[in-house]
Amino acid sequence: MGFLNPAFRASGWGSDADYCHRVSESGGKLYVNHRAMLWHYGDIGGFSATEVYGDRSKWIAKGLQQAAEDLRAKYGPHWRDVLPLPPNAYIMK
């Protein structure tokens with residue numbers, strides 16, 4: 001499958017959905033494991049939401065907006081029809 005797509009901007013929101021879609025499209029299977037961990041390369045990650053965005057709600061809003069933009073850039077304006085995501089995925093409530 002390769003790695004997470006670097007076209008998805010930091011903090012990488014949406015790259016997980018893209019990766020899962022590529023696995024599924026290639027015939028692979030996806031499993032959920034509550035013990036799974038993602039290790040960041042080098043100095044990427046490790047900042048708290050308050051350090052980067054000011055607070056958690058701003059971090060979440062920015063991440064959701066960024067994911068929708070990046071998924072739209074890769075899959076087109078109808079990306080929600082392409083990716084098997086819940087209807088409310090990547091929408092700020």
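Reading the values: rules and limits
- Residues numbered from 1 in each chain as written.
- Predicted model: local features only at pLDDT ≥ 70, side-chain atom pairs only at ≥ 80, totals over all residues.
- Heavy atoms only, no water.
- Helix = DSSP H or I, 4+ residues; strand = E, 2+ residues; numbered from the N terminus.
- Buried < 20%, exposed > 50% of the residue type's maximum accessible area, 1.4 Å probe, protein only.
- Contact = heavy atoms within 4.5 Å.
- Areas by Shrake-Rupley, 256 points an atom, 1.4 Å probe, with all protein chains shown as cover.
- Salt bridge = Lys/Arg side-chain N within 4 Å of Asp/Glu carboxyl O.
- Phe/Tyr/Trp six-rings, centres within 6.5 Å; stacked < 30°, edge-to-face > 60°.

Asker: Mind showing me how you'd approach the overall build of the protein here?
Answerer: When helices and strands are counted, the protein shows 4 helices and 0 strands. When each of the 93 residues of the protein is scored for burial, the buried share is 25%. Partitioning the contacts of the protein with sequence separation of at least 6, the portion at a separation of at least 24 is 48%. Per element, the accessible surface of the protein, about 7200 Å² overall, is 60% carbon and sulfur.

Asker: Would you take a moment to explain unusual backbone geometry for this structure?
Answerer: Residues apart from glycine generally show negative phi values, whereas peptide bonds are mostly found in trans. Of note, the phi angle at Tyr 90 is positive, near 65 degrees, even though the residue is not glycine. Tracing the chain through its elements places Tyr 90 in the segment after α4 (79-82).

Asker: Help me out: how do you make sense of the pattern of salt bridges in this one?
Answerer: Side chains that differ in charge, positive against negative, can pair when their charged atoms come close. Applying the stated criterion to the full structure yields 4 salt bridges. One salt bridge in this structure joins Arg 9 and Glu 69, with 2.8 Å as the shortest N-O distance. Pair noted here: Arg 9 is in the segment before α1 (15-25) and Glu 69 is in helix α3 (residues 56-75), with a separation of 60 residues, a long-range link. You can call Arg 9 partly exposed: its relative accessible area is 35%. Asp 70 is the salt-bridge partner of Arg 9, the closest N and O atoms lying 2.9 Å from each other. Linking Arg 9 in the segment before α1 with Asp 70 in helix α3, this pair joins segments that are 61 residues apart in sequence. When its relative accessible area of 10% is taken as the criterion, Asp 70 is described as buried. When salt bridges that share partners are traced, they join Arg 9, Glu 69 and Asp 70 into one network.

Asker: Explanation requested: the packing of aromatic side chains in the structure shown.
Answerer: Any aromatic ring pair is given by two values, namely how distant the centres are and how the planes are angled relative to each other. For the coordinates displayed, the defined rule picks out 1 aromatic pair. Centre to centre, the rings of Trp 13 and Trp 59 are 5.6 Å apart; their planes meet at 80 degrees, and the pair counts as edge-to-face. Residue Trp 13 is found in the segment before α1, and its partner Trp 59 is found in helix α3; the two are separated by 46 residues along the sequence.

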